[in-house]
Amino acid sequence: MFRLKEIFNLTRFNKKKDGIFYSKMKALLGYSPKNLSIYSEAFTHPSFQYKKSTRKSYERLEFLGDAILGAVIADYIFRSAPDEDEGYLTKMRSKIVERRHLNRLGEELGLLDFLRTKLSHKQLGNNITGNLFEALIGAIYLDKGYEECSKFIEKKLINPYINLKNLEEKVISHKSLLIEWCQKHKRSFSFETEEDTEDRSNIRYFVAKVYIEGFPVTKARATSKKKAEENASKRACYKIQGKNYSLKS
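Note that the coordinates shown come from a computational prediction; the quantities given were computed from them, not determined experimentally. One numbering rule holds for all chains: residues counted from 1, following each sequence as written. Only residues with pLDDT of at least 70 get local features here, since the model is predicted, and only at 80 or more are side-chain atom pairs given and counted; chain-wide, interface and lining totals rely on the full set of residues. Derived side-chain values reflect all non-hydrogen atoms in the structure, with water molecules and hydrogen atoms excluded from consideration.

1. Points about the pattern of salt bridges
In step 1: By definition, a salt bridge exists where a carboxyl oxygen of Asp or Glu is found within 4 Å of a side-chain nitrogen of Lys or Arg. Considering all chains together, one arrives at 7 salt bridges under this definition.
In step 2: With a shortest N-O distance of 3.0 Å, Asp-75 and Arg-79 are connected by a salt bridge. Residue Asp-75 and its partner Arg-79 are located together in helix α3 (residues 58-80), separated by 4 residues, close to a single helical turn.
In step 3: Its relative accessible area of 33% is what places Asp-75 among the partly exposed residues.
In step 4: You can call Arg-79 exposed: its relative accessible area is 64%.
In step 5: Residue Arg-100 is joined to Glu-98 by a salt bridge in which the shortest nitrogen-to-oxygen separation is 2.7 Å.
In step 6: Residue Arg-100 is classed as partly exposed on the basis of its relative accessible area, which comes to 43%.
In step 7: Accessibility here uses a 1.4 Å probe with only protein chains present; expressed as a share of the type maximum, an area under 20% marks a residue as buried, one over 50% as exposed, and anything in between as partly exposed. Glu-98 sits in the buried class, given a relative accessible area of 10%. The way it works is that DSSP assigns letters per residue, a run of H or I at least four long becomes a helix, a run of E at least two long becomes a strand, and they are numbered from the N terminus.

2. Section: the environment of Thr-193
In step 1: By secondary structure assignment, the location of Thr-193 is in strand β1 (residues 189-195).
In step 2: A sequence separation of 33 residues divides Thr-193 from Lys-226, and the C-alpha atoms of the two residues are 9.2 Å apart.
In step 3: When near neighbours in sequence (up to four residues on either side) are disregarded, Thr-193 contacts Phe-206, Val-207, Ala-208, Lys-225 and Glu-229. Throughout, a residue-residue contact means that at least one pair of heavy atoms, one from each residue, lies within 4.5 Å.

3. Observations regarding the sheet that holds β1
In step 1: Any two strands between which DSSP finds at least two bridges are classified as paired. Taken in spatial order, the 3 strands line up as β1-β2-β3 in an open sheet, and their pairing is antiparallel. The sheet is open, and its two edges are formed by β1 and β3 (215-222), each paired on a single side. In this sheet, neighbouring strand axes are inclined to one another by 20° on average, regardless of whether the strands run parallel or antiparallel.
In step 2: Bridge count for β1 against strand β2 (residues 206-212) is 7 bridges, and the pairing is antiparallel. Residue pairing for β2: Glu-194 is matched across the bridge by Val-207.
In step 3: With respect to the sheet, helix α10 (residues 225-242) is in contact with β1, β2 and β3, its orientation differing from that of β3 by roughly 135°. Fitting a line to C-alpha atoms yields each axis, with helices limited to the stretch in contact; the angle taken between N-to-C directions then spans 0 to 180 degrees.

4. Details of a negative patch on the surface
In step 1: A patch consists of residues whose relative accessible area exceeds 30% and which take part in no salt bridge; residues with like charges are grouped when within 9 Å of each other, and nonpolar side chains (Val, Leu, Ile, Met, Phe, Trp, Tyr) when within 5 Å. Surface exposure here means Shrake-Rupley accessible area, sampled with a 1.4 Å probe, where a residue is shielded only by the protein chains that are shown. For the charge count, each Lys or Arg is scored as positive and each Asp or Glu as negative, with His and the chain ends excluded. Charge placement uses NZ in Lys and CZ in Arg. For Asp and Glu, CG and CD serve respectively. Together, Asp-83, Glu-84, Asp-85 and Glu-86 make up a negatively charged patch on the protein surface.
In step 2: Turning to its location among the elements, Asp-85 is positioned in the loop between α3 and α4 (86-96).

5. Focus on the UniProt feature "active site" (unreviewed entry) in the protein
In step 1: The positions that UniProt labels "active site" (unreviewed entry) are, in the present scheme, Asp-66 and Glu-134. A compact arrangement is adopted by the annotated residues: their sequence extent is 69 residues, whereas the largest C-alpha distance between any two is 5.5 Å.
In step 2: Along the chain, Asp-66 falls in helix α3.
In step 3: As for its placement among the helices and strands, Glu-134 is situated in helix α6 (residues 128-144).
In step 4: Every residue in contact with Glu-134, bar those within four places of it in the chain, is listed here: Leu-61, Glu-62, Gly-65, Asp-66, Leu-69, Arg-99 and Leu-102. UniProt positions are given in the numbering used here, feature names are shortened, and annotations may be inferred rather than shown by experiment.

Have a look at this one:
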């Protein structure tokens, strides 16, 4: 008898939690979700599930959302830039769905507040909010279809943030920009990246150096090789521009 009472109380508690989640999702989406379980899955981290056989997390929905987001953005750019070629369209799409951009959007929407996880926010990685945004897109697509999903992306991403003219000047990767410039102007280049063994802190740092024509141009320090090389490349690009060279010509 006690066991039945315990189960009954647990069921009421779960319904209360579902009601709170439903209200929050409705406020975020701007409409009433039909299938709440899909959105619950979109905000469930793999660490929250214990049984591998029944484990569901945001990862599959993230995969789906990434594809849907790419299609909606591609359609928007295609219609907005009728005179531009395939190279321009591809470049603009990459800039719009760039990971840092999606991460910031996920942060502004407060998506971490919905996440069920056993890990601390520091353990989740830098891209978690962008991943959750893509998972949310996947959930909307399954729950409401492509048209409603497209409207959500237009309302939350395209209208408030996207301006193609401004994006034309945005640099996604200074390292890629530097390599393109060196190749175009027939300049040899190389990167030398090593762990900073002189650092005495508990954080692992790397130092990256940029060489052009065999001469050291810039260096930078960061917590990963990729970041260190990007930062060093950014400084090299500024130096090139400071000598009146155009990185786009």
